[in-house]
Amino acid sequence: MTRLGFSTLGCPGAPLDHVLELAQVNNFAGLELRTADDEFTHVGLTAAERRTLRTRIEDAGLEILSVNSYVRLCAVEEQPLEAHLELAADLGARGVRVFPGDDPAKPGKASAQTGASLTPGEIRALDRVASAPTDARILLETHDSHSAGAKMAALCRHLDAEVPHHNAKVIWDSAHTWSHGETPAEAFELLKPWIDFIQIKDEDSTQDYQPVPIGTGDYPIAELLQTLQGTDYWLSLEWELKWHPHLPPLAEALPATINWLAN
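Residues numbered from 1 in each chain as written. Predicted model: local features only at pLDDT ≥ 70, side-chain atom pairs only at ≥ 80, totals over all residues. Heavy atoms only, no water.

Draft legend 1. Spotlight on the nonpolar core. Formed by 72 residues in total, the largest nonpolar core has its most connected members in Phe-6, Ile-57, Ile-138, Trp-172 and Leu-250. Counting five residues, the second largest nonpolar core, distinct from the first, contains Leu-65, Ile-171, Phe-197 and Trp-234. (Core = buried A, V, L, I, M, F, W, Y, C linked by side-chain atoms within 4.5 Å. Buried < 20%, exposed > 50% of the residue type's maximum accessible area, 1.4 Å probe, protein only.)

Dropping the structure here:
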């Protein structure tokens, strides 16, 4: 049976009580916790606050799929990856969501292990993964510079070749790979060795792949479910209400998602 989760990006600023109620009323069992100063999840939580947060989520019978940071793994700027990994470990989360955030316009360099070209940002990402503690996974989302499954799979192959004991996996944002011309089946075959869980949302390709209310777009959800038949990946609704306030509230999107998947 498909296990369902959702991101707190869909209820920005909401208190924990509200998030737990949304999950329990709609029979969602997993959470992606958006991590920011204006949310109840952030790296400034004290040890006691972390214990309380973890206990309340576990007592509600929920699993934390990821602590969703805004770390850009390929970027030059300083971002607290280690602090987010520590938070994820303290909360018992599966890992920390990161973005690639590369600048692919810069000249590449051949990998010593594979011979393929790596950008300076990708080399930086490999170094950060290699030096990171392994108490929690680094979860690379198919996003921005590596939205396409082919691009993310190439980076993951480099990781496997050059950082053999790494603890990184992929969050497959299935709408992003689709918007880059890959069918669900094509993207799945590319990413299958590294997928941790899968994000879903409805989008409209006639509106430049903008997120739309569930069931009103043309994302091929039936193709995705057919592709995943026989697997047990988590599906997590990434409801981007924070960035797209025209969308319906998460309280409407969650039951609509169940119907979308069923029909």
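Draft legend 2. Region of interest: the packing of aromatic side chains. According to the stated counting rule, one finds seven aromatic pairs in the structure shown. Between Tyr-70 and Phe-99, the aromatic rings sit 6.0 Å apart at their centres with planes inclined by 65 degrees, giving edge-to-face as the arrangement. On the criterion of sequence distance, the pair formed by Tyr-70 in strand S3 (residues 63-72) and Phe-99 in strand S4 (residues 95-99) is long-range, its members being 29 residues apart. Residue classification places Tyr-70 among the partly exposed positions, given a relative accessible area of 29%. With centroids separated by 5.3 Å and ring planes inclined at 90 degrees, the aromatic side chains of Trp-178 and Tyr-219 adopt a geometry described as edge-to-face. Of this pair, Trp-178 sits in helix H6 (residues 174-179) while Tyr-219 sits in the loop between strand S11 (210-211) and helix H8 (221-227), and the two are 41 residues apart along the sequence. (Phe/Tyr/Trp six-rings, centres within 6.5 Å; stacked < 30°, edge-to-face > 60°. Helix = DSSP H or I, 4+ residues; strand = E, 2+ residues; numbered from the N terminus.)

Draft legend 3. Representation of the pairing of strand S9 (residues 195-200) within the structure. Among the six residues in S9, six count as buried, and that is most of the element. As judged from the four bridges shared by strand S8 (residues 168-173) and S9, these two strands associate in the parallel manner. Residue pairing across strands places Ile-171 opposite Phe-197, the latter belonging to S9. Note: S9 against strand S12 (residues 234-237), three bridges, orientation parallel. Each bridged residue has a counterpart across the sheet, and for Ile-200 the counterpart in S12 is Leu-237. (Pairing = 2+ DSSP bridges.)

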